[in-house]
Amino acid sequence: MAEKLRLMAVHAHPDDESSKGAATMAKYVAEGVDVLVVTATGGERGSVLNPKMDRPDVWANIGDIRRAEMDAARAILGVEQAWLGFVDSGLPEGDPLPPLPEGCFALQEVEAAAAPLVRLMRQFRPHVVTTYDEEGGYPHPDHIMTHKITVAAFEAAGDPERHPELGEPWQPLKLYYDVGFSRAKILGLHEAMLAAGLESPYGEWMKRWEERPDKGERITTRVDCAAYFPVRDDALRAHATQIDPDGFWFQVPMDLQQRAWPTEDFQLARSLVDSPLPESDLFAGVRETCRAG
């Protein structure tokens, strides 16, 4: 019997798992893959981005509320979920930027902060790990730190001489970075909206695109998961403090999204198996290895 496939997705805050790669995870869950979401912080310093939830009682209990939202999203996606237990760093604003809060996640020493993730990798034994690129997907200090500890844990988990106290070594076979937005994707959705006679929410994005780098050229792997976009959106809505159900993310009709850009996209950053590029499956090359094993 072939070994059951396992996927670990490492994220910075509750809600990141629902906005980055969620439909891909839901697809693999439906196919029988074990999926574990690892959340580095509790999101305690996050903003309340849904005006309907911008209330004193919500602000007073933001940590507990965000954990409850994570529980709801986890159930919708059908994944397992674990906390690393670090404290949200917040997103510094201003010129000059203020210092990060003492003791926050982004100020931890990388190897020490990676240790609990090494333990989880050795316990869960993922074949594939996903996280953010070296810029964090966007430059939030917790996202950048999540990248750093995931790369460190990926490299340490299989080494028997590193952290022997954290369990039996296990080497994941592939590491991916989520590529949530590319110019081609935004342009495709923008043009599809205009062709349907609808006002596109991406008009301003297209005007600003020349000022920002396009990561589309990094994409190696496109997972067709359009059938699971509704699951993704339900998980997003579970994070009610962060997502306005009447807001920006839901302005493109579902059927149009599914036609215009039916994939979630990733960059293969590390691989210990042979898998010709481009790919359509995060487990390309891994399936063959598990069957052979």
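Look up: the structure comes first, before these words.
Cut-offs used in this document
Residues numbered from 1 in each chain as written. Predicted model: local features only at pLDDT ≥ 70, side-chain atom pairs only at ≥ 80, totals over all residues. Heavy atoms only, no water. Helix = DSSP H or I, 4+ residues; strand = E, 2+ residues; numbered from the N terminus. Contact = heavy atoms within 4.5 Å. Axes fitted to C-alpha atoms, helices over the stretch in contact; angles between N-to-C directions. Parallel < 35°, antiparallel > 145°, perpendicular 65-115°, else oblique. Nonpolar A, V, L, I, M, F, W, Y, C, P; charged D, E, K, R; others polar. Polar contact = N/O pair within 3.5 Å; in protein donor to acceptor, adjacent residues only side chain to side chain. Buried < 20%, exposed > 50% of the residue type's maximum accessible area, 1.4 Å probe, protein only. Pairing = 2+ DSSP bridges. Phe/Tyr/Trp six-rings, centres within 6.5 Å; stacked < 30°, edge-to-face > 60°. Lys NZ or Arg CZ within 6 Å of the ring centre and 35° of its normal.

1. Some details on the environment of Asp54
- Here Asp54 is to be found in the loop between strand S2 (34–41) and helix H3 (56–60).
- C-alpha separation for the pair Asp54 and Pro169, spaced 115 residues apart in sequence, amounts to 45 Å.
- Setting aside anything within four residues of it in sequence, one finds Asp54 in contact with Val48 and Trp59.

2. Some remarks on the packing of helix H4 (residues 62–77) against helix H9 (residues 229–238)
- At a closest axis distance of 8 Å, the pairing of H4 and H9 adopts a crossing angle of 170°. Compared by their axis directions, H4 and H9 come out roughly antiparallel. Each of Glu69, Ala72, Ala73, Ile76 and Leu77 in H4 lies in contact with H9, whose residues at this interface are Val231, Asp234, Ala235 and Ala238.
- Across the contact of H4 with H9, the residue classes break down as 7 nonpolar, no polar and 2 charged.

3. Side note on the side chain of Lys174
- Here Lys174 shows up in strand S5 (residues 174–178).
- Of note is the side chain of Lys174, whose polar atom sits 2.8 Å from the side chain of Tyr176.
- In terms of polar contacts, Lys174 uses its side chain to reach the side chain of Glu279, at 2.7 Å.

4. Examining H9
- Here H9 has its buried residues at Phe229, Arg232, Asp233, Ala235, Leu236 and Ala238.
- For H9, the elements touching its buried residues are helix H1 (16–19), helix H2 (22–30), H4, helix H10 (254–260) and strand S7 (263–271).

5. Describing the pairing of S2
- Counting buried positions along S2 gives 7 out of 8 residues, so the element sits mostly inside the fold.
- By the bridge criterion, 5 bridges tie S2 to strand S3 (residues 80–86) in an arrangement that is parallel. Across the sheet, the residue bridging to Thr39 is Trp83, located in S3.

6. What about the packing of aromatic side chains?
- Taken as a whole and judged by the stated rule, the model has 9 aromatic pairs.
- Plain terms: the ring middles of Tyr202 and Trp205 are 5.5 Å apart, the flat faces sit at 70° to each other, and that makes the pair edge-to-face.
- Residue classification places Tyr202 among the buried residues on the basis of a relative accessible area of 7%.
- Each residue in the set Phe181, Tyr202, Trp205, Phe248 and Trp249 is aromatic and connected to the rest through ring pairs, giving one cluster.
- Of note, Arg67 hangs over the ring of Trp83, and the distance from its end group to the ring centre comes to 4.2 Å.
- Over the aromatic face of Phe229 sits the side chain of Arg232, whose NZ or CZ is 4.4 Å from the ring centroid.

Honestly, that's just the spatial picture; any functional story needs more than this.
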